[in-house]
Structure formats: structure tokens, C-alpha cells
Amino acid sequence: MAIITLLTDFGSRDHYVGVMKGVVAGIAPHAHLIDLTHEVEPFQIAQGAYLLEQSWKWFPPGSIHVAVIDPGVGGTRRAIAAQFEGHYFVLPDNGLLPVAAVVREITGQHPASSTFHGRDIFAPAAARLAAGLPFEELGPLIHDWVRLDPPGHQVLHIDRFGNVITSLREASALVIRGTRIDLHASNYAAVPKGQLFLITGSGGYIEISEREASAAARLGCKAGDPITLAGKS
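The model shown is predicted, which means the values in this text are computed figures rather than measured ones.

Caption draft 1: Just helix H3 (residues 117–130), in detail. The terminal C-alpha atoms of H3 lie 18 Å apart, and with 14 residues this matches the ideal 20 Å at 1.5 Å per residue to within 8%. Helix geometry: H3 is bent most strongly at Ala 123, by close to 30°, with proline Pro 124 lying one to four residues after it. By the criterion of burial, H3 is predominantly enclosed, with eleven of the 14 residues buried. Within H3, the full set of buried residues consists of His 117, Gly 118, Asp 120, Ile 121, Phe 122, Ala 123, Pro 124, Ala 125, Ala 126, Ala 127 and Leu 129. Considering only its buried residues, H3 is in contact with strand E1 (3–8), helix H1 (16–27), strand E3 (64–68), strand E4 (79–84) and strand E5 (87–92).

Spelled out as C-alpha cells, the structure:
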């Protein structure tokens, strides 16, 4: 049974995710669909790439990862499929792909709408792979696929608990929205309530946290906000 993961910025109030699942069910009814998240901030490609990078490696080889954060839908950007370490990725060619992989342009699909390639291109391609289509038959090899520039010092993601996940792997102190944070902790319980602190999260990135509270709400920050490195005080 093939696994297909889904990651989008579609949210849950509209029909888009359900329709993509319906397309997959019609082509590969035995595929096992797993939602990674559909709450990527609209149009935030770097956030989507971070979440995909954090997720794909925890699935077994042969898994197919569909990601749709696609502000260029209907334009000149290509639809691509990639293969890396036994995994497959199906997504727009806009920097979402988190690994250096063998990449093919997806061709030969039915005519697509100009606004919903998740339904018309990406879900069908993933389903065809799940149903046994050889990767090589999706389309021609390409070598000029879009690599996302390494993110600057910025907020990559804010999780449900309000932890502010940054693009930094290490930092002694930083400033965000005028607030300096230089307290470090090895775990959440090590810091009294009411204090902002820095902690290395499970994905290896520096996070700004507040014990049992939302650091993001306190700081008023969002994905994409800039961060400044600061020296020790």
C-alpha cells in the first residue's frame, strides 16, 4: 500500500483538500493518505519547505509527498516530480523541494484549470505513482529546477503552542520586533512562567518560547518576520 502525504496552504474550511483526496481515490483507491498539515500560511513557500523538510524522512521509502504552496499557479512555473533516497515528491517548481534530487517535469496531464493544480496535476501524478506508474514516465529530466535561496535570519514557522521556530541553528542572543532574547533553556520546565527564552527544538532549529504560553502572541510575530542576531550582553 503506497503512502501519499499531503501538505498545503489550503486550510480546512474549503473543499480543496477533500477534492484532491477524491482524485487520488479514483486513481489509486488503495493508497494510504496522510495529512501533514494544510495550515501553512498562504503563499509562504519557505514555511512549506521547512515543514516538508522536517517531515518526509520519518516515512518509509516509497512514500509520495505532495506539497502545494503555489502562488504562481497558472503561470509559467513548472510542475515537477522528484526522487530522493527512495521517496517521491510531487510539487510546483518554486523552491518547495527540500532536497537535491532527481527531478522530472510532469507532462502529459489532462488540461488543467488555471487556479487548482493540486486537483488537476499534483494529485493525479501522485496517484499514478501510487498505482505503479514508473517515475521515468512522468516526464523528462530537468536540471534547472528552482532552489530556494537559504532563508535569511527569519521566522520559519509558528507552531500550535506559539513557539517561534527560526531559521537559525545557533544563536547566543537575538532581537525580534524590538525584543531582545538571550535566556537559553534545555527544556520548557527549566524556565519560570512569563519569561521568553531560546531553546533548540526537535528539528534542530532555535525556537523562541514561553512556558505554557504563546511566545508568538506576546511578540506579535508571524512567519517571514526578520530576526537580528545580537551579541552577548
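Now, onward.
Caption draft 2: Representation of the sheet that holds strand E11 (residues 179–181) within the structure. With antiparallel pairing, three strands are arranged side by side in an open sheet as E11-E10-E14. Strand pairing shows two members of the sheet lacking a second neighbour, E11 and strand E14 (228–229), which therefore form its edges. The sheet contact formed by strand E10 (residues 174–176) and E11 spans three bridges and is antiparallel. By the bridge assignment, Leu 174 is partnered in E11 with Ile 181.

Caption draft 3: Main features of the sheet that holds strand E6 (residues 102–105). The strand order across the open sheet formed by seven strands is E2-E1-E3-E5-E4-E6-E7, and the pairing between neighbours is mixed. At either end of the open sheet lies a strand with only one pairing partner, and these are strand E2 (32–37) and strand E7 (141–142).

Caption draft 4: Fine view of the side chain of Gln 47. Within the secondary structure, Gln 47 sits in helix H2 (residues 45–55). Classification of Gln 47 by relative accessible area gives buried; the value is 3%. Once you skip the residues sitting within four places of it in the chain, Gln 47 turns out to touch Val 40, Glu 41, Leu 156, His 157, Ile 158 and Ala 223.

Caption draft 5: Structural detail: the side chain of Arg 104. In this structure, Arg 104 sits in strand E6. It is Glu 136 that comes nearest to the buried, bridge-free Arg 104 among opposite-charge side chains, at 4.9 Å. Side-chain polar atoms of Arg 104 contact the backbone oxygen of Gly 139, separated by 2.9 Å. With sequence-adjacent residues up to four places away left out, Arg 104 is seen in contact with Ala 79, Ile 80, Ala 81, Phe 135, Glu 136, Gly 139, Pro 140, Leu 141 and Ile 142.

Caption draft 6: Quick peek at the nonpolar core. Among the nonpolar cores identified, the biggest contains 26 residues, and Ile 4, Met 20, Val 66, Val 90, Ile 106, Phe 122 and Leu 138 are the most heavily contacted of them. Sort the elements by how many residues they give to this core and H3 lands first, with seven residues. If we ignore the near neighbours within four places in the chain, the residues touching Met 20 are Leu 6, Phe 10, Val 66, Val 68, Phe 116, Gly 118, Arg 119 and Ala 123. Of all hydrophobic cores here, the second largest spans 23 residues; its members include Leu 51, Ile 69, Leu 97 and Leu 156.

Caption draft 7: Fine view of the pattern of salt bridges. Enumeration according to the criterion identifies twelve salt bridges in this entry. Put simply, Arg 218 and Glu 210 hold a salt bridge, and the shortest N to O gap is 3.2 Å. The class of Glu 210 is buried, set by a relative accessible area of 11%. The salt bridge involving Glu 212 is made with Arg 211; its shortest N-O contact spans 3.4 Å. Here Arg 211 falls in the partly exposed class, since its relative accessible area comes to 25%. Among the ionic contacts, a cluster of salt bridges with common partners joins Arg 78, Asp 93 and Asp 144.

Caption draft 8: Structural detail: the environment of His 110. For His 110, the location among the structural elements is in the loop between E6 and H3. Note: C-alpha distance between His 110 and Leu 133 (23 residues apart in sequence) is 16 Å.

Caption draft 9: Spotlight on H1. Here H1 contains twelve residues, and its C-alpha end-to-end distance of 17 Å stays within 8% of the 16 Å for a straight helix at 1.5 Å per residue. When H1 is considered as a whole, its buried residues turn out to be Val 17, Met 20 and Val 24. The buried side chains of H1 occupy one side of the element, clustering within an arc of 60° when seen end-on. Of the surrounding secondary structure, the elements contacted by the buried residues of H1 are E1, E2, E3 and H3.

The rules behind these values
- The numbering scheme is per chain: residues are counted from 1 as the chain's sequence reads.
- Thresholds applied to this predicted model are a pLDDT of at least 70 for local features of residues and 80 or more for the giving and counting of side-chain atom pairs; totals over whole chains, interfaces and linings are not thresholded and use all residues.
- Side-chain metrics rest on all non-hydrogen atoms present in the structure, leaving aside hydrogens and water.
- Strands are runs of DSSP state E lasting at least two residues, helices are runs of H or I lasting at least four, and both sets are numbered from the N terminus onward.
- One fewer than the residue count of a helix, multiplied by 1.5 Å, yields its expected span.
- The bend at a residue is defined as the angle formed between two axes, one fitted to the seven residues ending at that residue and one fitted to the seven starting there.
- With a 1.4 Å probe rolled over the protein chains alone, any residue whose accessible area is under 20% of its type maximum counts as buried; one over 50% counts as exposed, and the rest are partly exposed.
- We call two residues in contact when some of their heavy atoms are within 4.5 Å.
- Pairing between two strands requires that DSSP report at least two bridges joining them.
- Charge assignment in this entry is limited to Lys and Arg as positive and Asp and Glu as negative, and neither His nor the chain termini are counted.
- Any Lys or Arg side-chain nitrogen located within 4 Å of an Asp or Glu carboxyl oxygen qualifies as a salt bridge.
- Here a polar contact is taken to be a pair of N or O atoms separated by no more than 3.5 Å, where protein atoms must pair a possible hydrogen donor with a possible acceptor and residues adjacent in sequence count only if both atoms sit in side chains.
- For our purposes a nonpolar core is just a set of buried Ala, Val, Leu, Ile, Met, Phe, Trp, Tyr and Cys residues, chained together by side-chain atoms within 4.5 Å.
- Here the arc refers to the set of directions running from the helix axis out to each C-beta atom.

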